[in-house]
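Now for the letters of each chain:
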Amino acid sequence: MTKDEIKAEIKGVIEPYVMQKELLDNLSDEIQLIGDLKINSAHVVDIVLDIEEKYDITIDDESINKMNTIGEAIEVILEKMKKD
Amino acid sequence: MSLNKRVVITGLGVVAPNATGKEAFEHALRGMKSGITRIPTLAEHNLGCQIAGEPEVSEEYKLSLLPQLLNKMLDNHGVIYGCLSGLEAWKDAGLTLDYDKFDPELGIIYGGGALSMDESIGPRFDLVNAGQVKKLGTKTITQSMNSGVSAYLNGMLGAGNRVMSNSSACSTGTEAAIMGYELIKSGKAKRMLCGSSEGKGKYIWGAFDSMRVLCRDSNDNPTFGSRPMSSTSSGFVPGAGGGALVLEELDTALARGARIYAEILGGDVNSGGQRMGGSMTAPNSTAVQACIKNAIKEAGVTPESIDLISGHLTSTMADPIELNNWVEALNVKTADFPLVNATKSMIGHCIAGAGSIELVGCALQMHGNFVHGNLNIEELHPEILKIIPTEKIPTATVETNLNIIAKANFGFGDVNSCIILRKFSS
């Protein structure tokens with residue numbers, strides 16, 4: 001999968017957790033999940049679980065800590081998909 | 001602190017085994033519709049009782065009330081029924097969801113029984129047993145803590161007053177309403193969302209089944225299983241669901257032109273102390289009678305003026321004892337004894353959700369001027385026939401003006417609650 005394909009899909013994964021939907025309009029790599037999209041920090045855990053299920057990958061705690069922005073999240077997914 | 005504010009009911013919400021939503025529930029009560037069905041999984045797991053009252057909640061109904069994220073995350077039925085009933089009551093009261101509003105004069109008391117025994121819990125325990133704790137996510141604790149419904153509702157309502165969750169077994173729902181009434185009456189809150197719910201499935205019902213308190217003789221005739229006050233009552237039929245009421249200080253309700261279903265005149269909550277015949281599972285009759293008498297006294301009405309008793313009446317051998325307690329507590333001439341009905345004859349016993357669902361039913365009956373009939377009484381229990389005339393226990397729905405209703409619930413642990421409603425007039 002390409003980075004752009006994952007980006008399109010990941011928008012669907014995080015959409016339910018974003019209360020203000022207009023924040024999803026311009027989803028650049030630099031957008032922060034908690035800071036910019038106002039996602040409740042507790043729900044990052046649930047987003048990771050949704051991603052694991054969707055791509056059949058395992059994301060370790062160290063990698064979760066790296067997933068602060070959309071771009072970083074995509075990087076982690078790509079990396080884990082290669083390994084698995 | 002100003003005392004003795006008048007308290008009225010301005011919003012109703014309900015998820016019941018025989019109907020989902022206030023209007024459908026009123027229709028179901030009038031039509032004496034049973035919500036009891038055979039549940040295949042109960043037979044597969046060797047329960048003696050294989051029938052129950054399970055609410056039917058469509059995805060469409062959920063989406064009409066629940067925000068998208070909650071609809072996605074919630075899978076505990078007790079929490080779902082609770083949130084749906086609470087949101088329906090809120091909207092029914094003419095109130096709106098405002099995510100920017102914080103209201104220090106609004107409180108929530110939404111109680112529960114055994115939220116963590118809902119069937120949604122099983123797969124979670126399987127994950128833990130398989131060493132996959134990580135997959136539990138954030139919604140496991142928030143849906144298994146007994147304050148789960150209050151907490152989720154408050155995320156939508158922004159209440160800043162008391163937000164809590166009582167748990168008093170089968171007495172939970174009526175108790176929640178009485179606690180909310182007392183807070184408004186004493187001037188500590190202006191508006192309270194009160195209610196209770198219970199989830200469903202083989203875990204909670206299996207535990208009751210093992211106690212041998214459930215109906216085991218009607219697996220092939222489910223709608224006949226729950227028959228309170230009958231000569232053949234053989235145990236209660238378990239149910240699930242939730243009910244909620246918006247209670248409001250009268251002046252606040254009048255100022256915004258709210259529809260008023262009924263006024264709460266009084267209520268009492270007590271315990272028999274598991275003494276004098278009372279135990280974990282049996283009531284101390286002296287305390288039951290005191291609870292009823294105290295509620296009537298607080299309401300300032302005469303026992304003769306009560307039009308309807310909405311009993312706890314579970315379809316067990318305790319029904320004649322309960323009715324004898326009503327007779328002793330009211331102490332009126334036979335002709336003046338109120339009508340009696342048991343909503344459980346249609347919906348079974350929704351455990352901690354029972355009181356709230358039945359109280360919503362009381363408000364609907366008062367506002368709609370009818371007394372729903374008692375389903376499945378082929379012959380009244382002989383001990384009941386000795387103390388209450390047959391015509392006081394209608395087997396068909398009666399259209400009649402209702403001015404005062406006494407509603408009671410009693411629970412494991414020997415706890416009692418009784419509330420008095422009156423038709424509102426300024």
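Remember, it's a predicted structure, so these values are computed and weren't measured experimentally.

The rules behind each value
- Every chain begins its residue count from 1, and numbering advances along the sequence as written.
- Chains carry letters from A onward and ligands carry numbers from 1 onward, assigned in written order.
- Local features in this predicted model are restricted to residues whose pLDDT is 70 or higher, and side-chain atom pairs enter the listing and the counts only when it is 80 or higher, whereas totals over whole chains, interfaces and linings include all residues.
- With hydrogens and water excluded, all non-hydrogen atoms of the structure serve as input to the side-chain values.
- Residue contacts are counted whenever heavy atoms from the two residues lie within 4.5 Å of one another.
- The term buried area refers to how much accessible surface (probe radius 1.4 Å) is lost by two components on association, counted for both of them together.
- What counts as a salt bridge is simple: a side-chain nitrogen of Lys or Arg found within 4 Å of a carboxyl oxygen of Asp or Glu.
- Put simply, DSSP marks the helices as runs of H or I at least four residues long and the strands as runs of E at least two long, and each gets a number from the N terminus on.
- Every helix has an expected span of 1.5 Å times one less than the residues it contains.
- Burial classification: accessible surface area is computed with a 1.4 Å probe over protein chains only, and a residue below 20% of its type maximum counts as buried, one above 50% as exposed, and the rest as partly exposed.
- Under the rule applied, a polar contact is a pair of N or O atoms within 3.5 Å (in protein, one hydrogen donor and one hydrogen acceptor; residues adjacent in sequence only if both atoms are side-chain atoms).
- Throughout this description, the term nonpolar core refers to a set of buried Ala, Val, Leu, Ile, Met, Phe, Trp, Tyr and Cys residues connected via side-chain atoms within 4.5 Å.

J.: I'm lost on the interface of chain B and chain A in this one. Help?
T.: How big an interface is tends to be stated in terms of accessible area lost as the parts join. The partner chain A presents 15 residues to the ten residues of chain B that form the contact. Summed over the three residues of chain B that lose the most area to chain A, namely Gln68(B), Leu69(B) and Lys134(B), the buried surface amounts to 53% of that side. Our count for the contact surface shared by chain B and chain A stands at two salt bridges. Across the salt bridge formed by Asp50(A) and Lys72(B), the nearest N and O atoms sit 3.1 Å from each other.

J.: Looking at this structure, how should I read helix α12 (residues 285–299) of chain B?
T.: Note: α-helices contain 3.6 residues per turn, so residues at a spacing of three or four share the same orientation. Residue and element names in this part refer to chain B. Compared with the 21 Å implied by 1.5 Å per residue over 15 residues, the 21 Å span of α12 between its first and last C-alpha is a close match. Within the sequence span of α12, burial applies to Ala287, Val288, Gln289, Cys291, Ile292, Ala295, Ile296 and Ala299. The inward-facing, buried residues of α12 abut β9 (262–271), α13 (318–330), β14 (404–411) and β15 (415–422). Of the residues that open α12, the one with a side-chain oxygen 3.0 Å from the backbone nitrogen of Thr286 is Asn284. At the exit of α12 stands Gly300, carrying a positive phi of roughly 70 degrees.

J.: Would you mind showing me how to read the pattern of salt bridges here?
T.: Pairs can form between side chains of opposite charge once their charged atoms are near each other. Summed over the entire model, instances satisfying the criterion amount to 27 salt bridges over all chains. Asp92(B) serves as the salt-bridge partner of Lys22(B), at 3.0 Å between the closest nitrogen and oxygen. Placement of Lys22(B) in helix α1 (residues 22–30) and of Asp92(B) in helix α5 (residues 77–92) is noted, with a sequence separation of 70 residues between them. Asp217(B) is the salt-bridge partner of Arg227(B), the closest N and O atoms lying 2.8 Å from each other. With Arg227(B) in the loop between α10 (202–210) and β8 (241–249) and Asp217(B) in the loop between α10 and β8, this residue pair connects regions lying ten residues apart in the sequence. According to the relative accessible area criterion, Arg227(B) is buried, its value standing at 2%. By sharing partners, the salt bridges in this structure join Lys3(A), Lys7(A) and Asp29(A) into a single network.

J.: Explain the nonpolar core here, please?
T.: For soluble globular proteins, nonpolar side chains are generally found buried alongside one another. Residues and elements named next belong to chain B. One finds Leu74, Leu153 and Leu193 to be the most contacted residues of the largest nonpolar core, which totals 46 residues. Counting only elements with at least two residues in this core, the list comes to β4 (51–53), α3 (59–65), α5, β5 (106–112), α8 (148–157), α10 and β8. Sort the elements by how many residues they give to this core and α5 lands first, with eight residues. If you look at the next biggest cluster of nonpolar residues, it comprises 45 residues, including Val7, Tyr181, Leu183 and Tyr261.

J.: Would you mind showing me how to read unusual backbone geometry here?
T.: Peptide bonds are, in most cases, trans, and in most cases residues other than glycine have a negative phi. Residues and elements named next belong to chain B. Residue Asn46 is not a glycine yet carries a positive backbone phi of 65 degrees. Along the chain, Asn46 turns up in the loop between α2 (40–44) and β4. In the Ramachandran plot, Gln274 falls in the positive-phi region, its phi being about 55 degrees despite a non-glycine side chain. Its place among the elements puts Gln274 in the loop between β9 and α12. The exposure class assigned to Gln274 is partly exposed, which follows from its relative accessible area of 34%.

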